[in-house]
Amino acid sequence: MLYIWFRQLFRILFGLFFRLEAHGKENVPASGAVVLCSNHISLMDPPLVGTPLKRKVHYMAKEELFRVPVLGWLITQFGAFPVKRGGVSKESIRLAIQLLKDQNMLGVFPEGTRSNSGGMGKKGAASLAFKANATVIPVAIVGSYKWFRKMHIYYGPPVDLDAFKENPSSESLELATERIMEEIRGMIARYSKK
């Protein structure tokens, strides 16, 4: 209930201050395991990616945030779960896989850190999608979070990773990750020109 209330609040705030427009929401499955893979340009990205959608989006968040009074409780309500600094723990990976196997939606930023260029991706998103047989949706955030300047978020069609699932080696995960990043970079390039 709290998630729904805050989602509505963020819809109003993003619409008012950043004139947010969401495109391609119909590409996000209404049910089933989904990994949303987005470029990462700001700390505001997690609520931005989830706000336009009807489904709850879960995220990994730094463990330290959960120790902050009130904030820790709030982000837990929003669907976040802790990950240790310096690397993703086995517990975090297990929880992420279980969330997906329970037919939930997980938000992932494959670049790992904030970037304006849509850089190299890490293999975690592809690995999670393979292990949970989840649909991967590429997401492109286009804009700069400048007050009253229009921002756009684009949800692309599912990325076809079937060719890489047959032999889930480290190399195939790298190729699948690059395929996901190609989709994200392509969307950024295409829609930044509009």
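Residues numbered from 1 in each chain as written. Predicted model: local features only at pLDDT ≥ 70, side-chain atom pairs only at ≥ 80, totals over all residues. Heavy atoms only, no water.

(A) Just the nonpolar core, in detail. Judged by nonpolar contacts, the single largest core of 31 residues is most densely connected at Val35, Cys37, Leu100, Leu106, Val136, Leu161 and Ile180. Where this core is concerned, the elements lending two or more residues are strand E2 (34-38), helix H4 (90-101), strand E5 (105-108), helix H5 (124-132), strand E6 (135-142) and helix H7 (170-192). Of all the elements, H7 adds the most residues to this core, at seven residues. When sequence neighbours within four positions are dropped, the list of residues in contact with Cys37 reads Val108, Pro110, Ala125, Val136, Ile137, Pro138, Val139, Ile180 and Ile184. (Core = buried A, V, L, I, M, F, W, Y, C linked by side-chain atoms within 4.5 Å. Buried < 20%, exposed > 50% of the residue type's maximum accessible area, 1.4 Å probe, protein only. Helix = DSSP H or I, 4+ residues; strand = E, 2+ residues; numbered from the N terminus. Contact = heavy atoms within 4.5 Å.)

(B) Spatial organisation of the pairing of strand E4 (residues 80-83). When strand E3 (residues 57-62) meets E4, the two strands line up parallel, connected through four bridges. The residue bridging Lys62 from the neighbouring strand is Val83, located in E4. Of the crossover connections in this fold, the one passing from E3 over helix H3 (residues 71-77) to the parallel E4 is right-handed. (Pairing = 2+ DSSP bridges. Right-handed = clockwise from strand over helix to strand, strands pointing away.)

(C) Summary view of the packing of aromatic side chains. For the structure shown, the criterion picks out ten aromatic pairs. Each ring, one from Phe18 and one from Trp147, has its centre 5.5 Å from the other, and the planes form 15°; the classification is stacked. With Phe18 in the loop between helix H1 (2-17) and strand E1 (21-23) and Trp147 in the loop between E6 and strand E7 (152-155), the pair connects residues that are 129 residues apart, well separated along the chain. Given a relative accessible area of 58%, Trp147 falls into the exposed group. Arranged with centres 6.5 Å apart and planes meeting at 45°, the rings of Trp147 and Phe148 form a pair that is tilted. Each residue in the set Phe10, Phe14, Phe17, Phe18, Tyr145, Trp147 and Phe148 is aromatic and connected to the rest through ring pairs, giving one cluster. (Phe/Tyr/Trp six-rings, centres within 6.5 Å; stacked < 30°, edge-to-face > 60°.)

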